[in-house]
Amino acid sequence: VGLLGFLNSGGLAEIAKQDLPAKNGIALIAPLQGDKNVVDAANVFPLRSGYADEVGALLKEAKTWGKDSLAIVNMSVAFGPPLAKLTSELSGSHGITIATQQVIDASPDKIDASVRAAVAAISQTRPKGIILLAAGKPATEFVKAVREAPGGTVQIYGLSVLLHDVLVSATGADKARGIVLSQAVPFPFVPSKPVITEYQSDMKKYAPGQALSFSSLEGYLGAKIAVEAVRRAGKTPTRANILQALSNLGEYNLGGLFVNYSASQRKGWGGVDLAIISASGDLRK
């Protein structure tokens, strides 16, 4: 009767391109995605902020710390090309120049060669920072390679889809250390809002062996939206009445965080947090 928490940039882009939620009359709730084409697609009810908000927050952070010359490194698919264009357009208003833009070809047989080319260009141009608009293997292979190259200690900024636990596992804490990641859900480790306290309590009760994480908090928040939609749909939930319940949800308080869904707009919580990977591989605010 509904879909919850889908992951995979390319797959979600294709779902939106084919307009599958609308064609099948089904809601897609809280996908792990900030691509405007996905979160604005019909029958998608987002939790995340858009990627444009994340990019703006990262550029502001870079400028604050004197990183006024950046390299853009983006993967060739999904959000990569449009966000590279947006980053380039926004950089001037933040007082940042773009030293080079490099594209990592996400085709499995071309990742290595394009990563080597990107690293070579960055070693030559010596930017003060890198904004990495990629996820999955294109991102982790780039991080490993650039850290081993001349000037490899350069500051890296990444999007929320560059999941920190995956990154640390793939590259090692020594290479991931110092990377700043934008986060499309609040910091899950400090009970700054009622829903974070609730999440921490439920994790301790129902998943005592699992570490707190941005990913599990995002799933938790999405589940709260889904449960409320089912509750409002009545005793016999269907695709149609779940959609109707979500479209009439209005401003809904998740516990200090709000989403707002109506027939004319579907807005996520709208915030961006930043965190840095520590020497031990943990995320710190």
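Residues numbered from 1 in each chain as written. Predicted model: local features only at pLDDT ≥ 70, side-chain atom pairs only at ≥ 80, totals over all residues. Heavy atoms only, no water.

Colleague: Would you explain the side chain of K175 in this entry?
Modeller: Considering the arrangement of structural elements, one finds K175 in helix α9 (residues 173–176). Leaving out residues up to four positions away in the same chain, K175 has contacts with V143, K144, R147 and E148. (Helix = DSSP H or I, 4+ residues; strand = E, 2+ residues; numbered from the N terminus. Contact = heavy atoms within 4.5 Å.)

Colleague: Help me understand helix α8 (residues 164–171), please; the structure alone is not making it clear to me.
Modeller: One turn of the α-helix equals 3.6 residues, which is why residues spaced by three or four share an orientation. Three or more residues of α8 are buried, namely H164, L167, V168 and T171. Taken end-on, α8 shows its buried residues confined to a sector of 95°, consistent with a single buried face. Contacts made by the buried residues of α8 are with α7 (136–147), α9, β8 (180–183), β12 (273–277) and β13 (283–284). Looking at the residues trailing α8, positive phi occurs at G172, about 90°. (Buried < 20%, exposed > 50% of the residue type's maximum accessible area, 1.4 Å probe, protein only. Arc of directions from axis to C-beta.)

Colleague: Hey, could you run me through the sheet that holds strand β4 (residues 69–75) in this one?
Modeller: Within a sheet, each strand pairs with its neighbour through backbone hydrogen bonds, oriented either parallel or antiparallel. On the basis of which strands lie adjacent, the open sheet formed by 7 strands has the order β5-β4-β6-β7-β8-β12-β13 and mixed pairing. Of all strands in the sheet, those bounded by a partner on one side alone are β5 (97–104) and β13. Contacts from helix α6 (residues 111–125) reach β4, β5 and β6 (129–133) within the one sheet, and its direction differs from that of β5 by about 165°. (Pairing = 2+ DSSP bridges. Axes fitted to C-alpha atoms, helices over the stretch in contact; angles between N-to-C directions.)

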